[in-house]
Amino acid sequence: MTTDFNATKAMFDLPDGVIYLDGNSLGPMPKAAAARVAQTVTAEWGQMLIRGWNQAGWMEMPSRIGNRIAKLIGAEEGSVVMGDTLSIKVYQALASALEMNKPRKVILSDNGNFPSDLYIADGLARTLGEGYELRTVAPEDVEAAITDELAVLMLTEVDYRTGRKHDMARLIEKAHAHGVLVVWDLAHSAGAIPVELARDGADFAVGCSYKYLNSGPGGPAFIYVAPRHQERARPALSGWLGHEAPFAFDLDYRPGNGVERMRVGTPPILQLAALDAALDVWEGVTLQEIRAAALALQDRFIAGVEAACPDLELATPREHANRGSQVSFRHAEGYAVMQALIAEGVIGDFRAPDILRFGFTPLYIGPDEVDRAVQILARIIETKAWDRPEFKARSRVT
Ligand SMILES: *Cc1c(COP(=O)(O)O)cnc(C)c1O
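Note that this is a predicted model, so its numbers are computed, not measured.

Colleague: I would appreciate a short explanation of the domain arrangement of the chain in the present structure.
Modeller: For an interface, size is often stated in terms of accessible area lost upon the parts coming together. Assigned domains within the chain: domain 1 (5-30 + 286-392) and domain 2 (57-282). Placing a centre on the C-alpha atoms of domain 1 and another on those of domain 2 gives a separation of 28 Å. Residue-level contacts link 31 residues of domain 1 with 24 residues of domain 2. Buried area between domain 1 and domain 2, both sides added, is near 2,200 Å², and the carbon and sulfur share of it is 63%. On the domain 1 side of the interface with domain 2, the three residues burying the most area are Asn24, Leu287 and Gln326, jointly 22% of the side's total.

Right under this line is the structure:
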């Protein structure tokens, strides 16, 4: 099977004149998502009212759509469920893993991890109290720091700033050899690179749907629990929809079947409807093809920028095996450079202190867009077009 990337591009509604290199932060809108949300609002919410929970299958959406995402991350049927935000799913996965690995109390992560994951881990360690601790090391030192002392290794596979990618299979193998459970954050992996959770023996994984899976702002997160752990993993956020029988309204909590126990409360139906439609884009697309095309686009971008802009320093590993689907460059005035780019229709983003980030998603980006983005960036650097006060005033979201 070969993917027709012209056909996938036609499924997205992108503004004219925009080269969108920020699908790693917020995926663009699939046309079908807008239509589906409109239909869910008017025909389902509007006409069915509360009957929609049964008649429109709203209550099953978190697990039905979880199964669709499972196919994109190499997970078993019945091992993924949707809900809440990624930060909350990090909390749930970490709390369950820590409880399963008592009396060990140390969480190991790396200092390239996304701050929310680290804040959540630190907050959970404080709540659990005596002896619980979050330790961070440099990403390249993670493997050596895995010892029998650790309870949980918590990593984001692809670094949100640099695009550096951990070797998931290798780290899981070493962690398991030392009795350590692993929680993977797939925020920059799901829909971007092939992931094989079942094959690699993952324990827990979490990720968001609004980045490479294009569910729209605020789209729900997913959580994966390996089938072998599902009956032992106790949910720390024991909400009613994770109960074995929510509508029995028992006073005592009994965890639901399998991964369903990781549900918390009422699911966001409008966002799930958008996600369900967005996932249709993946029918007939393999992640191997996406990966090969994305690497070719990245290499083209890196070569073009390095040839034209010696001021920019590549922050992403050159080795294919060691990077995800984004390319980052450092520039001391990175924020202003990105604002100047955005003003010219090339949309990437900026991450403090000096990172210009560009995501490459072959579903709607091709070599022509890459070449035009390189040309525009080269001109902005060459002419110092970024050196204007309006490009230096920081917005709330960078
Ligand atoms: C995007 C991202 C988040 C965001 O979490 P939300 O709760 O969805 O805001 C968390 N962790 C990582 C690694 C991310 O890349």
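Moving on, there is more to tell.
Colleague: Explain the sheet that holds strand E4 (residues 80-82) here, please?
Modeller: Adjacent strands of a sheet form backbone hydrogen bonds with each other and so pair up, either parallel or antiparallel. Read from one edge of the open sheet, 7 strands run E4-E10-E9-E8-E7-E5-E6, paired in mixed fashion. Since the sheet does not close on itself, it has two edges, and those belong to E4 and strand E6 (133-137), each with one partner. With strand direction ignored, the average angle separating the axes of adjacent strands in the sheet is 20 degrees. Where strand E9 (residues 204-208) and strand E10 (residues 221-225) come together, 5 bridges link them in antiparallel fashion.

Colleague: I would appreciate a short explanation of the pairing of E9 in the present structure.
Modeller: Along any regular strand the residues' side chains alternate between the sheet's two faces. Burial runs high along E9: 5 of the 5 residues are buried. Side chains Phe204, Val206 and Cys208 project from E9 onto one buried face, and the interleaved Ala205 and Gly207 project onto a second face that is buried too. Across 3 bridges, the pairing between strand E8 (residues 181-185) and E9 is parallel. Within E9, the position partnered with Val183 by the bridge is Phe204.

Colleague: When you look at the UniProt feature "binding site: pyridoxal 5'-phosphate" (unreviewed entry) in the chain in this model, what are you seeing that I'm missing?
Modeller: Mapped onto this numbering, the UniProt entry annotates "binding site: pyridoxal 5'-phosphate" (unreviewed entry) at Leu86, Ser87, Phe114, Pro115, Ser116, Asp117, Thr156, Asp185, His188, Tyr210, Trp240 and Thr266. Judged by maximum C-alpha separation, these annotated positions cover 181 residues in sequence and are scattered in space, the widest gap reaching 30.2 Å. In this fold, Asp185 is placed in strand E8. Discounting residues that sit within four places of it in the chain, Asp185 has contacts with Leu86, Val90, Asp117, Leu155, Thr156, Glu157, Val206 and Gly207. Within the fold, Trp240 resides in the loop between E10 and helix H9 (269-278). Among all residues touching Trp240, those that are not within four sequence positions of it are Pro246, Phe247, Phe249, Val264, Gly265 and Thr266.

Colleague: Just checking my understanding: could you explain the nonpolar core for this structure?
Modeller: It is characteristic of soluble globular proteins that their nonpolar side chains tend to be buried jointly. In this structure, Ile73, Trp184, Leu197, Trp282, Phe301, Phe358 and Leu377 are the most contacted members of the largest nonpolar core, which totals 85 residues. Of all the elements, helix H12 (residues 367-383) adds the most residues to this core, at 8 residues. Residue contributions to this core reach at least three from each of two domains, namely domain 1 (5-30 + 286-392) and domain 2 (57-282). Sequence-distant contacts of Ile73, that is, excluding residues within four places in its chain, are made with Val80, Leu186, Ala190, Val195, Glu196, Leu197 and Phe222.

Colleague: Quick question: what am I supposed to make of the UniProt feature "modified residue: N6-(pyridoxal phosphate)lysine" (unreviewed entry) in the chain here?
Modeller: Following the UniProt record, the feature "modified residue: N6-(pyridoxal phosphate)lysine" (unreviewed entry) maps to Lys211 here. Mapped onto the elements of the fold, Lys211 is located in the loop between E9 and E10. On the accessibility criterion, Lys211 (9% relative accessible area) is buried. What Lys211 contacts, discounting residues up to four positions off in sequence, is Gly23, Asn24, Ser25, Leu26, Gly27, Ala187 and His188.

What counts, and where the lines are drawn
- Residues numbered from 1 in each chain as written.
- Predicted model: local features only at pLDDT ≥ 70, side-chain atom pairs only at ≥ 80, totals over all residues.
- Heavy atoms only, no water.
- Domains from an automatic or database assignment.
- Contact = heavy atoms within 4.5 Å.
- Buried area = accessible area lost by both parts, 1.4 Å probe.
- Pairing = 2+ DSSP bridges.
- Helix = DSSP H or I, 4+ residues; strand = E, 2+ residues; numbered from the N terminus.
- Axes fitted to C-alpha atoms, helices over the stretch in contact; angles between N-to-C directions.
- Buried < 20%, exposed > 50% of the residue type's maximum accessible area, 1.4 Å probe, protein only.
- UniProt positions renumbered as here; feature names shortened; annotations may be inferred.
- Core = buried A, V, L, I, M, F, W, Y, C linked by side-chain atoms within 4.5 Å.

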